[in-house]
Amino acid sequence: MPLTDFGHDELVGYRPVSTAPHDFDAFWQRTLDDARSRGGAVKAERVTDRFRLRTVEVDDLRLPGWNGEPVAAWLLRPRGAEGPLPVVVTYIGYSGGRGLPTDHLFWPAAGYAQLVVDSRGQGHDTPDRPLGDGTQWVEGFMTRGIDSPENYYYRRLMTDCVRAVDAVAELPGLDARRVVVGGGSQGGGLALAAAGLLGDRVAAVMPDVPFLCHFRRAVQITGEGPYPEIAHYLRWHSRHQVAPALATLDYFDGVHFAQRATAPALFSVGLMDPVCPPSTVYAAFNHYAGRDRTMTVWPFADHGGGCGSNPPVQLDWLAERGLAPEQGPATS
């Protein structure tokens, strides 16, 4: 249904004032330094035969994430392909995990390697241990540990996402110079975080209808989840909790990661999206630091964005930037 948000002409120029904390960079540098200091090796098991796949190889991985804790991931690649392959690191939408390898056959079919990263606590294969206060009776993850940036759930999840890119260098047959990060909704917000935190170690970023952007507006205008989890939490707590909660969210806002990201970026937005309002997507896009940024607009789309029409757009866009895989013989 139509969303009460800005018109398209206003969206194109919408660039809200940044609310990034003064110690944003120091907070994330400290967080990532600590995670990397915990060490840990990538563990891989070949599981192709389990899924009866003939043209795609599949490895079941465990990567070191936040606090050195193991994070599940799938690594898929075309069978018989000679590396090093460009790799698409895919982050998952809210309340979903990595699923099954058979859910992720598009990118290997197009000749890419794909690293599909589980979302701790949301999937079945990577547990999360809650820290701090904030969940109360609210289901979901948006208020888990919202009492402080150190305890907030997305500190752990975003660290996992960065460490997944770190792990690419340890995986044979992958080209660490051609890493593309992407995902839809929550996955798009996580891709922006990875791009902002990893700088030139990311060759491109593709956030589709990204979530986790412009929290301060989103929690006020969005009627469909997951942003209402935050509004519900604040409704039942003292008004004195509002400012501290919003201050915590500022450390995890896609707008602030976009201000630090320089890789070529291909965004998408649905102008009738009731979950991630267009103004929140454009807030990140218009703050994006990289010069090469493109927005794919789906005028009558809801949170599904371009659905099946979007991947061909991504393939063309990557090829134009020299990030297509080399052609090789098909194998079976």
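Summary of the structure given here. Being a predicted model, the structure only gives us computed values, none of them experimental.

With respect to the side chain of Thr280
Here comes step 1: Looking at the secondary structure, you find Thr280 in helix 10 (residues 278-287).
Here comes step 2: You can call Thr280 buried: its relative accessible area is 0%.
Here comes step 3: A distance of 2.6 Å separates a polar atom in the side chain of Thr280 from the backbone oxygen of Pro277.
Here comes step 4: Once you skip the residues sitting within four places of it in the chain, Thr280 turns out to touch Cys213, His214 and Ala218.

Description of the pattern of salt bridges
When the charged atoms of two side chains lie near each other, side chains of opposite charge can form a pair.
Here comes step 1: Tallied over the full model, the rule gives 26 salt bridges.
Here comes step 2: For Asp34, the salt bridge is made with Arg38, and the minimal N-O distance between the two is 3.2 Å.
Here comes step 3: By relative accessible area, Asp34 is classed as partly exposed at 32%.
Here comes step 4: One salt-bridge network, held together by shared partners, links Glu69, Arg120, Asp128, Arg144, Arg156 and Asp160.

Structural notes on the packing of aromatic side chains
Here comes step 1: Applying the stated rule across the entire model yields 21 aromatic pairs.
Here comes step 2: A ring pair is formed by Trp107 and Tyr112, whose centres lie 5.1 Å apart and whose planes are at 90°; its orientation type is edge-to-face.
Here comes step 3: A residue is classified by how much of its surface remains accessible, and Tyr112, at 2% relative accessible area, is buried.
Here comes step 4: Between the aromatic rings of Phe141 and Tyr153, the centroid separation amounts to 4.8 Å while the plane-to-plane angle is 40°, which identifies the pairing as tilted. Taken as a pair, Phe141 in the loop between strand 5 (113-117) and helix 4 (153-168) and Tyr153 in helix 4 lie far apart in primary sequence, 12 residues in all.
Here comes step 5: Residue Tyr153 is classed as buried on the basis of its relative accessible area, which comes to 0%.
Here comes step 6: One Lys or Arg, Arg293, reaches over the ring of Phe285 and ends 4.5 Å from the middle of that ring.

Each value, and the rule that gives it
- Residues numbered from 1 in each chain as written.
- Predicted model: local features only at pLDDT ≥ 70, side-chain atom pairs only at ≥ 80, totals over all residues.
- Heavy atoms only, no water.
- Helix = DSSP H or I, 4+ residues; strand = E, 2+ residues; numbered from the N terminus.
- Buried < 20%, exposed > 50% of the residue type's maximum accessible area, 1.4 Å probe, protein only.
- Polar contact = N/O pair within 3.5 Å; in protein donor to acceptor, adjacent residues only side chain to side chain.
- Contact = heavy atoms within 4.5 Å.
- Salt bridge = Lys/Arg side-chain N within 4 Å of Asp/Glu carboxyl O.
- Phe/Tyr/Trp six-rings, centres within 6.5 Å; stacked < 30°, edge-to-face > 60°.
- Lys NZ or Arg CZ within 6 Å of the ring centre and 35° of its normal.

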